[in-house]
Amino acid sequence: MEREYIRMHHDRHQHQAQEEEEKKQCSSTLVKHIKAPAPLVWSLVRRFDEPQKYKPFVSRCTVQPQGQGDLAVGSLRQVNVKSGLPATTSTERLEQLDDHQRILGVTIVGGDHRLNNYSSLITVHPEVTEGRPGTMVIESFVVDVPDGNTVDETCYFVEALIRCNLSSLATVSERMAVQDCDNLINQ
Ligand code: A8S
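A few points on the structure. Throughout this document, residue positions are counted from 1 along each chain, in the order its sequence is written. Given that the model is predicted, a residue must reach a pLDDT of at least 70 before its local features are reported, and side-chain atom pairs must reach 80 or more before they are shown or counted; all residues, however, enter totals for whole chains, interfaces and linings. No hydrogens and no water enter the side-chain calculation; it runs on all heavy atoms of the structure.

## Digging into the packing of aromatic side chains
For Phe, Tyr and Trp, rings pair up if their centres lie within 6.5 Å, where Trp contributes its six-membered ring, and each pair is then called stacked (planes under 30 degrees apart), edge-to-face (over 60) or tilted (otherwise). In this structure the tally under the stated criterion is one aromatic pair. Pairing Tyr118 with Phe141 gives two aromatic rings, centres 6.0 Å apart and planes at 10°, and the pair type is stacked. Taken together, the positions of Tyr118 in the loop between strand E5 (103-111) and strand E6 (119-129) and Phe141 in strand E7 (residues 132-144) put the pair 23 residues apart, joining distant regions of the chain. The same class applies to Tyr118 as to Phe141, namely buried. Working definition: helices are DSSP H or I runs of at least four residues, strands are E runs of at least two. Numbering for both runs from the N terminus. Think of it in three bands: with a 1.4 Å probe and only protein chains considered, a residue is buried below 20% of the maximum accessible area for its type, exposed above 50%, and partly exposed in between.

## Thoughts on the site of the ligand
Here a residue is near a molecule or strand as soon as one of its heavy atoms is found within 4 Å of it. Near the ligand, the surroundings consist of 14 residues, among which Lys55, Val81, Ile108, Phe157 and Asn165 are the closest. Between the ligand and the protein, one listed contact pairs an oxygen atom with a side-chain N or O atom of Lys55 at 2.7 Å. A 3.5 Å cut-off defines polar contacts: any pair of N or O atoms within that distance qualifies, except that in protein one atom must be a possible hydrogen donor and the other a possible acceptor, and neighbouring residues in sequence count only when both atoms are side-chain atoms. In this structure, Asn165 approaches the ligand through a side-chain N or O atom, which is 3.5 Å from an oxygen atom. Only the protein chains shown count as cover for residues, and all accessible areas are computed by the Shrake-Rupley method using a 1.4 Å probe. With the chains in place, 95% of the 450 Å² that the ligand exposes on its own is no longer accessible. The element contributing the most residues to the shell around the ligand is helix H3 (residues 151-186), with three residues. Residue polarity follows a fixed list, in which Ala, Val, Leu, Ile, Met, Phe, Trp, Tyr, Cys and Pro are nonpolar, Asp, Glu, Lys and Arg are charged, and the others, Gly among them, are polar. Along the lines of polarity and charge, the residues of the shell around the ligand split into ten nonpolar, three polar and one charged.

## Structural notes on the sheet that holds strand E4 (residues 89-98)
With antiparallel pairing, the seven strands of this open sheet are ordered in space as E1-E7-E6-E5-E4-E3-E2. In the strand order of this sheet, the two ends are held by strand E1 (25-34) and strand E2 (58-63), each with one partner. Averaged over all adjacent pairs, the angle separating strand axes in this sheet is 25°, with direction ignored. Note: two strands are recorded as paired if DSSP finds a minimum of 2 bridges between them. The pairing of E4 with E5 spans eight bridges and is antiparallel. Counterpart to Thr91 in the pairing with E5 is Gly110. Along the sheet, helix H2 (residues 38-45) contacts E1, E4, E5, E6 and E7; its crossing angle with E6, the most-contacted strand, is approximately 160°. On top of the sheet, H3 reaches E1 and E7; it is set at about 20° to E1, its chief contact. Axes, fitted as lines to C-alpha atoms, cover a helix only where it is in contact. Angles between the N-to-C directions of the axes lie from 0 to 180 degrees. We call two residues contacting when some pair of their heavy atoms lies within 4.5 Å.

These values are about where atoms sit, not about what they do.
Now the structure itself:
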């Protein structure tokens, strides 16, 4: 199933982005299994305006008001990251938000970091783990390799950041899932 989902959504994303640029790029796909139901996990992932709900490096996020609801394709967010990273801000654009298939696409369009032409896709899939509702999250990205860096260095850096984001997404979702159970008991 994992291979199939990656082929369906993520391979095309990576190839499309790669064809556009003849520059050196790197791309990769990461998978995380979470012990919480998919609707709960998706409720965190879909909040383009609140990445700090699970992303550990985000200190602040603001979205320019758009009028007809904030989560429209084309919305921009200004993200501030915590100190200690080789960056302080990132401007990011919502490219795709599909609540039915649970797909979120985001690109980075500005900021004071080294990740040029960064494009990412997250998909959220229900699965059953040990007889309980669980979730498989797949995140893929494409980015230019900065001058002076190798493909491997770039991949290693971005994969490390995404792994932190996905671990944190699991921790937060699993805590919320337990909280939901506690609320049922205490009713
Ligand atoms: C995400 C993914 C990434 C975020 C990167 C890769 C970033 O926010 C951080 C450090 C950087 O050097 C680049 O989904 C940038 O958040 C944590 C500021 C873009």
